[in-house]
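Next come the chains, spelled out residue by residue.
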Amino acid sequence: MSKLILVTGGTGFIGSHTVVELQQAGFDVVIIDDLSNSKAEVVDNIEKITGIRPAFECFDIADREKTHAFFKKYTNVEAIIHFAAFKAVGESVQKPLEYYRNNLTALMNLLECMKEYGTHHLVFSSSCTVYGQPDKLPVTEATPRKPAESPYGNTKAVCEDIIRDYCKANADINGIALRYFNPIGAHPSALIGESPVGVPNNLVPFITQSAAGVRGELSIFGDD
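Definitions and limits used
Residues numbered from 1 in each chain as written. Predicted model: local features only at pLDDT ≥ 70, side-chain atom pairs only at ≥ 80, totals over all residues. Heavy atoms only, no water. Core = buried A, V, L, I, M, F, W, Y, C linked by side-chain atoms within 4.5 Å. Buried < 20%, exposed > 50% of the residue type's maximum accessible area, 1.4 Å probe, protein only. Helix = DSSP H or I, 4+ residues; strand = E, 2+ residues; numbered from the N terminus. Contact = heavy atoms within 4.5 Å. Phe/Tyr/Trp six-rings, centres within 6.5 Å; stacked < 30°, edge-to-face > 60°. 1 Å grid on protein atoms, 1.4 Å probe; cavity = no way out; pocket = protein on both sides within 12 Å on 5 of 7 lines; lining within 4 Å. Points joined across faces, edges and corners; volume = space filled by probe spheres on them. Nonpolar A, V, L, I, M, F, W, Y, C, P; charged D, E, K, R; others polar. Arc of directions from axis to C-beta.

(A) Spatial organisation of the nonpolar core. Leu6, Phe70, Phe71, Val77, Ile80 and Leu122 are the most contacted members of the largest nonpolar core, which totals 24 residues. Those elements that place two or more of their residues in this core are strand E1 (4-8), strand E2 (28-32), helix H3 (64-73), strand E4 (77-82), helix H5 (96-117), strand E5 (121-125) and helix H6 (151-169). Looking at this core element by element, the count peaks at seven residues for H5. Ignoring anything within four residues of it in the chain, the contact list for Phe70 reads Leu6, Val30, Ile32, Glu57, Phe59 and Val77. By size, the runner-up hydrophobic cluster in this structure holds 14 residues, among which are Val7, Val20, Val29 and Ile31.

Here it is in structure tokens:
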């Protein structure tokens, strides 16, 4: 039985591109996504690009029972790349409990299943928000974390701490956190790219949608 890579949030912007790269590198991939910020046809478009249709399960990994049922069905998951999370900074300020409940619970469900069902490797999609306001730019891997300035950013910092502590307690589980800033770009085929549901939470889709006439003018704040 071949080893599977699980990509949570795999129909989203970064997730879909990651699935394409994994498949083109010869890996078998299964996606979990609840489609709260993406569209099901992304799976079709991934297949058009790679010629391979990834397995797809539609549910929220914050649901513990459904997450356990997934791992009982897919018994050969070797590694997880975890992109699925609420990610709007402004919204997190307005709805902090929703962000803490969703982002932390989803991660803990995955870690619990990793231990129970024999998955050993986790790549966690973190964020530059864990650096707060850094003392100097550009940041490097030596840059210290600072208090996050939003509940969203704090969920990423807390998730990193949870992964660190869990890996210390379970020597057979490996985890790494990727801290990145706003990613830009789309697949050369234009079949997948950053196309969020509803109002974008990132600058680049605002720019592209304004240029395409979808959103009219782009508002720029500040006087400097």
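(B) Quick look at the packing of aromatic side chains. Here the structure, examined in full by the defined rule, presents five aromatic pairs. Ring pairing ties together the aromatic residues Phe59, Phe70, Phe71, Tyr74 and Tyr117, which thus form one cluster.

(C) The arrangement of the environment of His82 in detail. You can see His82 is positioned in strand E4. On the basis of relative accessibility, which here comes to 3%, the residue His82 falls in the buried class. A sequence separation of 75 residues divides His82 from Val7, and the C-alpha atoms of the two residues are 6.0 Å apart. Excluding anything up to four places from it in sequence, His82 contacts Thr8, Ile61, Leu107, Leu110, Leu122, Val123, Phe124 and Ser125.

(D) Broad picture of the layout of surface pockets. Considering only enclosed or pocket space, the second largest pocket measures out at about 280 Å³ in volume. Along the wall of the second largest pocket there are 14 residues; nearest its centre are Tyr131, Glu141, Ala177, Leu178 and Arg179. Breaking the lining of the second largest pocket down by element, the ones donating at least two residues are H6 and strand E6 (174-178). Classifying every residue of the lining of the second largest pocket by side-chain character gives eight nonpolar, two polar and four charged.

(E) Quick look at unusual backbone geometry. Cis rather than trans, the peptide bond between Leu137 and Pro138 has omega equal to 0 degrees. Mapped onto the secondary structure, Pro138 falls in the loop between E5 and H6. Even without being glycine, Leu35 reaches a positive phi, approximately 60 degrees. Within the fold, Leu35 resides in the loop between E2 and helix H2 (41-50). Positive phi, normally seen in glycine, also occurs at Ala190, with a value near 65 degrees.

(F) Structural view of H2. Buried residues of H2: Val42, Val43, Asn45, Ile46, Ile49 and Thr50, and no others. Projected down its long axis, H2 shows its buried positions confined to an angular sector of 160 degrees, all on one face. Among the structural elements, helix H1 (13-24), E2 and strand E3 (55-57) are those in contact with the buried residues of H2. Two residues or fewer past H2, Gly51 is found with a positive phi of approximately 80 degrees.

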